[in-house]
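One-letter residues, chain by chain:
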Amino acid sequence: FSYKDIDFVWGSVEGSVSAMYGGRISPEAELSHEDVSWLYDNNIGVKIPLSTVYFDEEQYTQTKKLLSEYHRKGNAIIVSTEVLAKRIREDFPLYKIELSAVKDIYNQKKLDSIDRSLFDTIVFPMCANNDLEFLKSVADKDQIRLFSNVECSYSCPNKVCYTSISKINKDGQHEDMKCSWYTYNLPRTFSRSDVDMSLFSNKNDSTAWEKLVF
């Protein structure tokens, strides 16, 4: 593996705060200007996660400063709404546009419900990775990216956190983030239903992750 195999690095960027960040609570910039310069020098693009589940005209207008600063061929924006994809296509055509796993496209019906022409890439949620029949049946596989991580998404029955995080970033209020497990006690139902996710409720338990064998 070489960093030259990387096409994008994603994260919040220095210089512009946006209420349209999604996926996780928007922190201070994860990518500094120095980071971005190094990425550009090595032919790696920046992928900015504007994957809020909400679209707000005022906030989009405020986000145009950020979009203008990083508007160049080779960069990308992650979105979870078609309306934002359309606006970026019209206003900032150099960006690649990726549909986030936040959209939760895990079967053909959901895939058929979106306008695929709006997106350069579409990211399926982790639960779709086990549905081999669905994956085999998808037309234009080059448009699809599979999502993977080592956290709770794989077995989450209801990703209420995405809406909760979008609301926190949108309103700027530090309310408690909602979670299907911690807030609503919903059981883990997908591929790792054998795992007791309560192991991870104690952040001081350094052995918890060791008990989960991937």
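Here we summarise the structure given alongside this text. Every value quoted in this text rests on a predicted model; they were computed, and no experiment measured them. (Residues numbered from 1 in each chain as written. Predicted model: local features only at pLDDT ≥ 70, side-chain atom pairs only at ≥ 80, totals over all residues. Heavy atoms only, no water.)

Neither face of strand E5 (residues 121-124) is exposed, since Thr 121 and Val 123 on one face and Ile 122 and Phe 124 on the opposite face are all buried. Pairing analysis gives 3 bridges linking E5 to strand E6 (residues 144-146), with the strands arranged parallel. Bridged to Val 123 within E6 is Arg 145. On the question of chirality, the crossover connecting E5 to the parallel E6 by way of helix H5 (residues 132-137) is right-handed. (Buried < 20%, exposed > 50% of the residue type's maximum accessible area, 1.4 Å probe, protein only. Helix = DSSP H or I, 4+ residues; strand = E, 2+ residues; numbered from the N terminus. Pairing = 2+ DSSP bridges. Right-handed = clockwise from strand over helix to strand, strands pointing away.)

Under the criterion given, the structure shown has 4 aromatic pairs. Ring centres 5.7 Å apart and planes at 40 degrees place the aromatic pair Phe 55 and Tyr 60 in the tilted group. Phe 55 gets classed as partly exposed once you look at its relative accessible area, which sits at 25%. According to the relative accessible area criterion, Tyr 60 is buried, its value standing at 0%. Above the plane of the ring of Tyr 40 lies Arg 72, whose end atom (NZ or CZ) is 3.6 Å from the centre. (Phe/Tyr/Trp six-rings, centres within 6.5 Å; stacked < 30°, edge-to-face > 60°. Lys NZ or Arg CZ within 6 Å of the ring centre and 35° of its normal.)

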